[in-house]
Amino acid sequence: MEDYKDTDDDLWNAFLPRISAFSGDAKTGTPYDLWRYEVQCLIKTGHTHETITMAIRRSLRGDASKVPMRLGPEATIDDIIDKMDSIYGSVDQPKALLGQFYTARQQDDEDVATWACRLEEILSKAKNRKNVTEENINDMLTSKLFDGLRPEMKNIVRYKKDSITDFHSLLKATREIENQHNLKPSLKKKPPTHAITKSTTTTVEKQANSATYSIGETTLTRCQGFEGR
């Protein structure tokens, strides 16, 4: 501990960059790929190695916080990221990711924006596994965005696809068409439900009671007729 230096914690915290908390809980916490992206962005900002490693340690929670501890205080940023990748990184095979990408289709409950984000997420994982090059991403996304659209959207967007080769431009144009034609899943009209109202139920009950009373009255009259004979 001879290298320990007394510092002002408040001053240190004021200049310490923030990274989203990561605990390793995929259901409720920050996804690992998002946490890793924030670290990568932080590295490119020019902060010192010590500042970034401290920010990483401060961001980790639960079991994830023990990862850099096991590596020791001398662990570099690359050491920590490599270890985190081995524990929390994607283990999908590159070919499986590409298969998932090429077979994907826009779901009935997905709007165009959600569909596009899902494609980008799949392809981003494939890129991180070194199975897709940066040069191919635009063409792959542009082609798949159109090919995987629901039929009613695809028929309308077809003329745009022939003239737009940029993914983001095609995405914007497709969203505009979706909005103009009210094709968002949330805007589709649901079929009316034929619920039985209280008044209808009351009317039915009254009719049933009236019919029962009439039958009873008729039966009583017939019985009286037999007795009089």
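A quick note: this is a predicted structure, and the numbers were derived from the prediction, not measured. (Residues numbered from 1 in each chain as written. Predicted model: local features only at pLDDT ≥ 70, side-chain atom pairs only at ≥ 80, totals over all residues. Heavy atoms only, no water.)

1. A closer look at the overall build of the chain
Looking only at helices and strands, one finds 11 helices and 0 strands in the chain. The N-to-C order of helical and strand elements in the chain reads α-α-α-α-α-α-α-α-α-α-α. Here the chain holds 229 residues, and 27% of them are scored as buried. Partitioning the contacts of the chain with sequence separation of at least 6, the portion at a separation of at least 24 is 60%. When the accessible surface of the chain is totalled, it reaches about 16,300 Å², and 52% of it is carbon and sulfur. (Helix = DSSP H or I, 4+ residues; strand = E, 2+ residues; numbered from the N terminus. Buried < 20%, exposed > 50% of the residue type's maximum accessible area, 1.4 Å probe, protein only. Contact = heavy atoms within 4.5 Å. Areas by Shrake-Rupley, 256 points an atom, 1.4 Å probe, with all protein chains shown as cover.)

2. Quick look at the packing of aromatic side chains
Applying the stated rule across the entire model yields 6 aromatic pairs. Between tyrosine 32 and tryptophan 35, the aromatic rings sit 5.8 Å apart at their centres with planes inclined by 25 degrees, giving stacked as the arrangement. Linking tyrosine 32 with tryptophan 35, this pair stays in helix α2 (residues 32-44), spanning 3 residues, or about one helical turn. Here tryptophan 35 falls in the buried class, since its relative accessible area comes to 0%. Of the aromatic side chains, those joined through ring pairs into one cluster are Phe22, Tyr32, Trp35 and Tyr88. (Phe/Tyr/Trp six-rings, centres within 6.5 Å; stacked < 30°, edge-to-face > 60°.)

3. Considering the packing of helix α6 (residues 94-103) against helix α8 (residues 134-147)
Packed helices, taken two at a time, are described by the angle between their axes plus the distance between the axes. Following both chains from N to C, one finds α6 and α8 inclined at 40 degrees, their axes separated by 9 Å at the closest point. Put simply, α6 runs oblique to α8. The residues of α8 that touch α6, namely those facing Leu98, Phe101, Tyr102 and Thr103, are Met140, Leu141 and Lys144. Residues that form the contact of α6 with α8 fall into these classes: 5 nonpolar, 1 polar and 1 charged. (Axes fitted to C-alpha atoms, helices over the stretch in contact; angles between N-to-C directions. Parallel < 35°, antiparallel > 145°, perpendicular 65-115°, else oblique. Nonpolar A, V, L, I, M, F, W, Y, C, P; charged D, E, K, R; others polar.)

4. Regarding unusual backbone geometry
One non-glycine residue, asparagine 182, adopts positive backbone phi at about 55 degrees. Structurally, asparagine 182 can be placed in the loop between α10 (167-180) and α11 (198-228). Its relative accessible area of 48% is what places asparagine 182 among the partly exposed residues.

5. Some thoughts on the pattern of salt bridges
The full count for this structure, using the stated rule, is 4 salt bridges. Salt-bridge contacts for arginine 118 lead to glutamate 110; the nearest nitrogen and oxygen are separated by 2.7 Å. Given the relative accessible area of 25%, arginine 118 is considered partly exposed. By relative accessible area, glutamate 110 is classed as buried at 8%. Taking the shortest distance from any N to any O, the salt bridge between glutamate 152 and arginine 150 comes out at 3.0 Å. Look at glutamate 152 and you get partly exposed, because its relative accessible area is 30%. (Salt bridge = Lys/Arg side-chain N within 4 Å of Asp/Glu carboxyl O.)

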